[in-house]
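# Topology and contacts: notes
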Amino acid sequence: MFNVAIDGPAGAGKSTIAKMVAKKMNLVYVDTGSMYRAMALSCIRQGIKAEEHEKVAQAVKDLNISLEYEDGVQQVILNGENVNAYIRTEEVGNMTSAIAAYGEVRERLVDMQQAIARQKDVIMDGRDIGTCVLKDAPVKIYLTAAPRTRAERRYLELKEKGQECDIDTIEKDIIDRDYRDMHREISPLKQAEDAILVDSSDMTIQQVVDAISDIIRERIS
Ligand code: DC
């Protein structure tokens, strides 16, 4: 199988870019963040708090998460329910970052992600794909952008969906989330040694898509 790993901080544009590269290069897009988000949503619904490690660990044991594709768009199925519409809020995002630090949560999802990549040519995005999930991927990208740029992008995305938001709060959330993701003990977010750094702060989406597609083509040939 031919696998592409894309890692980077929140709001760097990983999912937008990976979706477009997937289409162009005929790969299956796997958004691993949405799997962590589904777990967080389930914990929130059960009234479990992020710091209740034992309860979170117990809850994830009983969860069933799977991915389906509708017209090429990934759908996350949590215990039989399609939860795509509920996992993109800031509340779920913050809870996700907190519970993603727990080993029990990561172990379950990493196994699932590796199983998917064994069966399909994927472009998988997350925080630990190049460093842990797909260590042998022939293409690894570390996609980043300045925090303010990332906050501005998230702000526009949320506004488009009609959600009330404040850009300074979003920027602070992004910086806090980056800190948690980069400083946790297990699989912290960092650039893999063999990953190619792409800073999208001053690039258009199309420029980033083209740059990554060129890297993939080079490796394929
Ligand atoms: O990419 P995202 O914003 O949907 O990710 C939400 C959170 O999930 C993020 O704060 C870190 C965590 N995450 C992770 O720890 N490992 C992954 N492979 C993907 C996401």
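Each chain carries its own residue numbering, running from 1 in the written order of its sequence. Restriction of local features to residues with pLDDT of at least 70 applies here, the model being predicted, together with a cutoff of 80 or more for giving and counting side-chain atom pairs; totals for whole chains, interfaces and linings are based on all residues. Only hydrogens and water are removed before side-chain values are computed, so all heavy atoms of the structure are retained for them.

## Some words on the overall build of the chain
Definition in use: Only runs of H or I of at least four residues qualify as helices and only runs of E of at least two qualify as strands under DSSP, and these elements are numbered from the N terminus. Between the two quantities, the radius of gyration covers C-alpha atoms and the globule rule is 2.2 Å times the number of residues to the power 0.38. Categorising residues by exposure relies on relative accessible area from a 1.4 Å probe, with only protein chains included: less than 20% of the type maximum marks a residue as buried, more than 50% marks it as exposed, and the intermediate range marks it as partly exposed. Areas reported as accessible are Shrake-Rupley estimates using a 1.4 Å probe. Residue values count occlusion only from the protein chains shown. All tallies of charge rest on Lys and Arg as positive and Asp and Glu as negative; His and the ends of each chain are not included. One atom stands in for each charge, and that atom is NZ of Lys, CZ of Arg, CG of Asp or CD of Glu.
When its secondary structure is counted, the chain shows 9 helices and 8 strands. In terms of overall size, the chain behaves like a compact globule, its C-alpha atoms giving a radius of gyration of 17 Å where 221 residues would be expected to give roughly 17 Å. Over its C-alpha atoms, taken along the principal directions, the chain stretches across nearly 50 × 40 × 35 Å. Relative to its full complement of 221 residues, the chain shows a buried share of 50%. Accessible area of the chain: about 11100 Å², with a carbon and sulfur share of 49%. Computing the positive centroid from 30 side-chain charges and the negative centroid from 38, the chain places the two 1 Å apart.

## Notes on the sheet that holds strand 3 (residues 65-70)
For clarity, the cut-off: In this scheme, strands are said to pair when DSSP sees at least two bridges between them. Contacts are assigned to residue pairs with any non-hydrogen atoms lying within 4.5 Å of each other. All axes here are fitted lines through C-alpha atoms, helices being fitted over the stretch that makes contact, and every angle between N-to-C directions spans 0 to 180 degrees.
Taken in spatial order, the 3 strands line up as 3-4-5 in an open sheet, and their pairing is antiparallel. With partners counted over all chains shown, the strands left at the sheet margins are strand 3 and strand 5 (81-82), one partner each. Relative to strand 5, strand 4 (residues 73-78) runs antiparallel, the two being bridged by 2 bridges. Residue I77 lies in a different strand from strand 5, and its bridge partner there is N82. Helix 2 (residues 32-45) contacts strand 3, strand 4 and strand 5 of the sheet and is inclined by roughly 35 degrees relative to strand 4.

## Some points on the site of the ligand
Put simply, the rule reads: Put simply, a residue is near a molecule or strand once any heavy atom of it comes within 4 Å of that molecule or strand. Here a polar contact means two N or O atoms within 3.5 Å. Within protein one must be a hydrogen donor candidate and the other an acceptor candidate, and residues neighboring in sequence count only if both atoms are side-chain atoms. As a working rule, the residues Ala, Val, Leu, Ile, Met, Phe, Trp, Tyr, Cys and Pro are called nonpolar, Asp, Glu, Lys and Arg charged, and the rest polar, with Gly in that last group.
Not every one of the 16 residues close to the ligand is listed here, only the nearest: R37, R106, R127, D128 and R184. Between the ligand and the protein, one listed contact pairs an oxygen atom with a side-chain N or O atom of R127 at 2.9 Å. Here an oxygen atom of the ligand and a side-chain polar atom of R184 are 2.9 Å apart. Burial of the ligand by the protein chains amounts to 97% of its free accessible area of 450 Å². Ranked by residue count, the leading element in the shell around the ligand is helix 2, at 4 residues. Across the shell around the ligand, the residue classes break down as 2 nonpolar, 5 polar and 9 charged.

## Some points on the pairing of strand 7 (residues 139-144)
In regular strands, side chains alternate between the two faces of the sheet. Across the 6 residues of strand 7, 6 count as buried, placing the element largely inside the fold. Bridge analysis of strand 1 (residues 4-7) against strand 7 gives 4 bridges, and the strand direction is parallel. Looking at the pairing, I6 lines up with I141 of strand 7. With 4 bridges joining them, strand 7 and strand 8 (residues 196-199) adopt parallel strand pairing. Looking at strand 8, one finds that T144 is bridged to D199.

## Overview of the packing of aromatic side chains
Applied cut-off: Two rings from Phe, Tyr or Trp (for Trp, the six-membered ring) form a pair when their centres sit within 6.5 Å of each other. Planes less than 30 degrees apart are called stacked, planes more than 60 degrees apart edge-to-face, and all others tilted. Note on criteria: charge over ring means Lys NZ or Arg CZ within 6 Å of the ring centre, with the direction from the centre no more than 35 degrees off the ring normal.
On inspection of all chains with the given rule, the structure shows 0 aromatic pairs. The ring of Y86 has R45 lying over it, and the distance from NZ or CZ to the ring centre is 5.4 Å.

## Some points on the packing of helix 2 against helix 5 (residues 103-119)
Worth spelling out the cut-off: Handedness of a crossing follows from how the near helix is turned relative to the far one, being left-handed for an anticlockwise turn of less than a right angle and right-handed for a clockwise one.
Two numbers describe how helix 2 lies on helix 5: the axes approach to 11 Å, and their chain directions differ by 140 degrees. Seen from above, helix 2 lies across helix 5 with right-handed handedness. Between helix 2 and helix 5, the contacting residues are T32, M35, Y36 and M39 on the first element and V105, R106, R108, L109, V110, M112, Q113 and I116 on the second. Split into classes, the residues belonging to the contact of helix 2 with helix 5 amount to 8 nonpolar, 2 polar and 2 charged.

## With respect to helix 9 (residues 205-220)
Under the convention used in this document: Expected helix span is given by 1.5 Å per residue-to-residue step, counting one fewer step than there are residues. Summarising the geometry, the arc corresponds to the directions from the helix axis toward the C-beta atoms.
Look at helix 9: 23 Å from first C-alpha to last across 16 residues, which is about the 22 Å you get at 1.5 Å a residue. Within helix 9, the full set of buried residues consists of V208, V209, I212, S213, I215 and I216. Around the axis of helix 9, the buried residues are gathered within 155 degrees of arc, so they sit on the same side.

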